[in-house]
Amino acid sequence: MKKQITILLALITFLSCAELQQVVNQLPESGGVLSNADIASGLRQALNNGIDKQVSKLTLKDGFYKNELVKILLPEELQKVDKALRTIGLDNLADEGLKAINRAAEDAVKEATPIFVNAVKEITFNDAKNILLGEDDAATQYLTTKTKTELYNKFKPVINNSFSKVGADQIWNNLITKYNNLPFTNDVNPDLTDYVTNEALEGVYLMIAVEEKEIRTNLSSRTTDLLKKVFALQDQ
């Protein structure tokens, strides 16, 4: 009996692999209904949609601050600062501190689009096959691998400058000074620039993943003939 079950499981596994391979084989190497270029172009189009529809929203005022998916909260060491200041009636100052770090992220994301566009242009047919047969965020994972280091290096100085431009440096110097002057507290001096840079990156990739999943799962989101044809392959 155990042997029969083992054979059955092996057969199911084999059939599943065969079905997956059949889908791969249906992605044409050349010619046919969809060419290599068509498939790669479809993936580029999907990612560009994510950039145009979702990432651009993050550059607007309150793009981070009023978007609960990506709103940047305080790092753990500053949560006690926030709580302590609210306890002594400095709610408005605490709110301004939170708003300031989100404003800096909104400012930095404006630098992202050219880097994304270059990465999207580099998608090959093999990349496209792997993305189509991958997870709901496979295209986002691809983009993350291709751009994260470059974006971090681009975002960090912008966020540092943004802290000055939006007044975050003064606000947080004031906040931290007030907290450090409270009795029975341990002084804090967090690297806010690094923290906000990483949080901004996470927010950008999350919003691209939102759009990618929408295109993969919602037929009405495939707004061009090319998107419909390319993503129909993953539906099989």
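Each chain has its residues counted from 1, running along the sequence as written. Local features in a predicted model are, by the rule used here, given only for residues with pLDDT of at least 70; side-chain atom pairs are given and counted only at 80 or more, and totals for whole chains, interfaces and linings are based on all residues. Side-chain descriptors were evaluated using all non-hydrogen atoms of the structure, hydrogens and water having been removed beforehand.

### Some thoughts on the packing of aromatic side chains
So, step 1. Note on aromatic pairs: the rings of Phe, Tyr and Trp (six-membered ring only in Trp) are paired at centre separations within 6.5 Å, and the planes decide the class, stacked below 30 degrees, edge-to-face beyond 60, tilted for the rest. Taken as a whole and judged by the stated rule, the model has one aromatic pair.
So, step 2. Geometrically, the ring pair formed by Phe 116 and Tyr 205 is edge-to-face, given 6.1 Å between the ring centres and 75 degrees between the ring planes. Here the residue Phe 116 occupies a position in helix α5 (residues 112-121), and Tyr 205 occupies one in helix α9 (residues 192-217), the gap between them amounting to 89 residues. Both residues of the pair, Phe 116 and Tyr 205, count as buried.
So, step 3. Over the ring of Tyr 65 we find Lys 71, and its NZ or CZ is 4.7 Å from the ring centre. What counts as a helix is a DSSP run of H or I of at least four residues, what counts as a strand is a run of E of at least two, and both are numbered from the N terminus. Only protein chains enter the accessibility calculation, which uses a 1.4 Å probe; a residue whose area is less than 20% of its type maximum is buried, one above 50% is exposed, and one in between is partly exposed. Only when the NZ of Lys or the CZ of Arg is both within 6 Å of the ring centre and within 35 degrees of the ring normal is a charge said to sit over the ring.

### Describing unusual backbone geometry
So, step 1. In this model, Asp 62 sits at a positive phi of 70 degrees, which is unusual for a non-glycine residue.
So, step 2. By the secondary structure assignment, Asp 62 is in the loop between α2 (36-58) and α3 (76-87).
So, step 3. Look at Asp 62 and you get buried, because its relative accessible area is 18%.

### Some points on α5
So, step 1. Among the residues of α5, Ala 112, Ile 115, Phe 116, Ala 119 and Val 120 are the ones counted as buried. Buried residues along α5 cover an arc of 135 degrees about the axis, so they all sit on one side.
So, step 2. As for α5, its buried residues are in contact with α2, α4 (91-108), α7 (138-165) and α9. Read the arc as the range of directions from the helix axis to the C-beta atoms. Only heavy atoms matter for contacts: two residues are in contact if any of them lie within 4.5 Å across the pair.

### Structural notes on the pattern of salt bridges
So, step 1. When a carboxyl oxygen of Asp or Glu is within 4 Å of a side-chain nitrogen of Lys or Arg, the pair counts as a salt bridge. Under the definition given, this model contains nine salt bridges.
So, step 2. Across the pair Arg 86 and Asp 95 runs a salt bridge, and its minimum N-O distance is 2.7 Å.
So, step 3. Judged by relative accessible area, Arg 86 falls into the partly exposed class, the value being 27%.
So, step 4. One salt bridge in this structure joins Asp 107 and Lys 110, with 3.7 Å as the shortest N-O distance.
So, step 5. Under the relative-accessibility criterion, Lys 110 is labelled partly exposed at 48%.
So, step 6. Beyond isolated ion pairs, a larger network of salt bridges with shared partners links Asp 62, Lys 66, Arg 103 and Glu 106.

### Concerning the side chain of Thr 197
So, step 1. Here Thr 197 is to be found in helix α9.
So, step 2. At 2.7 Å, the side chain of Thr 197 and the backbone oxygen of Thr 193 are in polar contact.
So, step 3. Excluding its chain neighbours within four sequence positions, the residues that come into contact with Thr 197 are Tyr 152, Phe 155, Lys 156 and Ile 159. Identification of polar contacts relies on pairs of N or O atoms within 3.5 Å, with a donor-acceptor requirement for protein atoms, meaning one able to donate a hydrogen and the other able to accept it, and with residues adjacent in sequence counted only if both atoms are side-chain atoms.

### Things to note about empty space enclosed by the protein
So, step 1. A cavity, in this analysis, means grid points on a 1 Å lattice covering only the protein atoms where a 1.4 Å probe fits yet has no way out; a pocket is instead an open set bounded by protein on both sides within 12 Å along at least five of seven lines, and a residue lines either one if it has an atom within 4 Å of a point. Grid points are joined across faces, edges and corners, and a volume is the space filled by probe spheres set on the points. Considering all chains together, one arrives at one cavity of 30 Å³ or more under this definition.
So, step 2. If you add up the space inside the largest cavity, you get close to 50 Å³.
So, step 3. Every residue along the wall of the largest cavity is listed here: Leu 43, Ala 46, Leu 47, Gly 50, Ala 139, Ile 208, Glu 211 and Glu 212.
So, step 4. Among the secondary structure elements, those contributing two or more residues to the lining of the largest cavity are α2 and α9.
So, step 5. The element that contributes the greatest number of residues to the lining of the largest cavity is α2, accounting for four residues.
So, step 6. The class makeup of the residues in the lining of the largest cavity is five nonpolar, one polar and two charged. Throughout, the ten residues Ala, Val, Leu, Ile, Met, Phe, Trp, Tyr, Cys and Pro are labelled nonpolar, Asp, Glu, Lys and Arg are labelled charged, and all others, Gly among them, are labelled polar.

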